[in-house]
Amino acid sequence: MLSSPGTTDSDTAGGGRRIPVVVTAPDPISREGAVSQLRRHPRIELREESGPGTVALLIEDTLDEAALTRLRRLMRGDGARAVLVVGVIRENELLDVIECGVAAIVWRREATAHRLAQAVVAAARGDGDLPSDLLGRLISQVGTLHRGAAGRPGAPSLGLAPREVDVLRMVAEGLDTGEIASKLSYSERTVKNVMHGLTTRLHLRNRAHAVAYALREGYI
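This one's a predicted model, so the numbers in the text were calculated from it and none came from an experiment.

Draft legend 1. Structural context of helix α2 (residues 28–38). Buried within α2 we find Ser30, Ala34, Val35 and Leu38. With its buried residues spanning 130° around the axis, α2 presents them on a single face. Of the exposed residues in α2, those oriented more than 90 degrees away from the buried face are Pro28 and Ile29. Where α2 is buried, its residues meet β2 (19–24), β3 (44–46), β4 (55–60) and α5 (113–125). Residue aspartate 27 occupies the N-cap position of α2, its side-chain oxygen lying 3.2 Å from the main-chain nitrogen of isoleucine 29.

Draft legend 2. Focus on unusual backbone geometry. The phi torsion at serine 185 lies on the positive side, around 60°, for a residue other than glycine. Within the secondary structure, serine 185 is located in the loop between α8 (177–184) and α9 (188–201).

Draft legend 3. Representation of the environment of leucine 184. Relative to the helices and strands, leucine 184 is located in helix α8. We classify leucine 184 as buried; its relative accessible area is 18%. C-alpha separation for the pair leucine 184 and methionine 170, spaced 14 residues apart in sequence, amounts to 9.7 Å. Filtering out sequence-adjacent residues up to four positions away, leucine 184 remains in contact with Asp166, Val167 and Met170.

About the thresholds
- Residues numbered from 1 in each chain as written.
- Predicted model: local features only at pLDDT ≥ 70, side-chain atom pairs only at ≥ 80, totals over all residues.
- Heavy atoms only, no water.
- Buried < 20%, exposed > 50% of the residue type's maximum accessible area, 1.4 Å probe, protein only.
- Helix = DSSP H or I, 4+ residues; strand = E, 2+ residues; numbered from the N terminus.
- Arc of directions from axis to C-beta.
- Contact = heavy atoms within 4.5 Å.
- Polar contact = N/O pair within 3.5 Å; in protein donor to acceptor, adjacent residues only side chain to side chain.

Here it is as structure tokens:
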């Protein structure tokens, strides 16, 4: 699911195991603020070090080169899933962040305890969670890139099957697995298998990255 804020606590409470979370921030006050908010959530287990299966919550004011380097190192080295809490993100940084593997983005001004927990749970599930205004900017930016590349010879494309396009279009619209299954008359397992198959085949990190790929290639 690529969603905008609106999920309830009951939506984020599914599943049994606790989610290991590491919080990284440029200053101790920001870090402690996020830690104190996440500590209240029964499904979140705060840790000091990241690793496979961990959700890394990164807090940044802006995405300067140092911040992007920290993000890339975390995603490539530790195998963590990332939630980015950021004050400002520029147009030319947005697609880089998604393709780096960030599963969820939260504006710092909206970083309540509920919003942070919602993003962490979405990232742990492998879903995407973007503010609606960022999702619109992503679609616009990738559309521009695709138009600029139209007719360029030699551009590789691995191709998407029609039902993969159908599923991704609904993911981009913010529908969850159950809603997609209902609209397409599929089982939820089929929807999950479609997403797993295309992300594995195309070496995509998560649903947000899959949507970015489909947008870049002009499928949706």
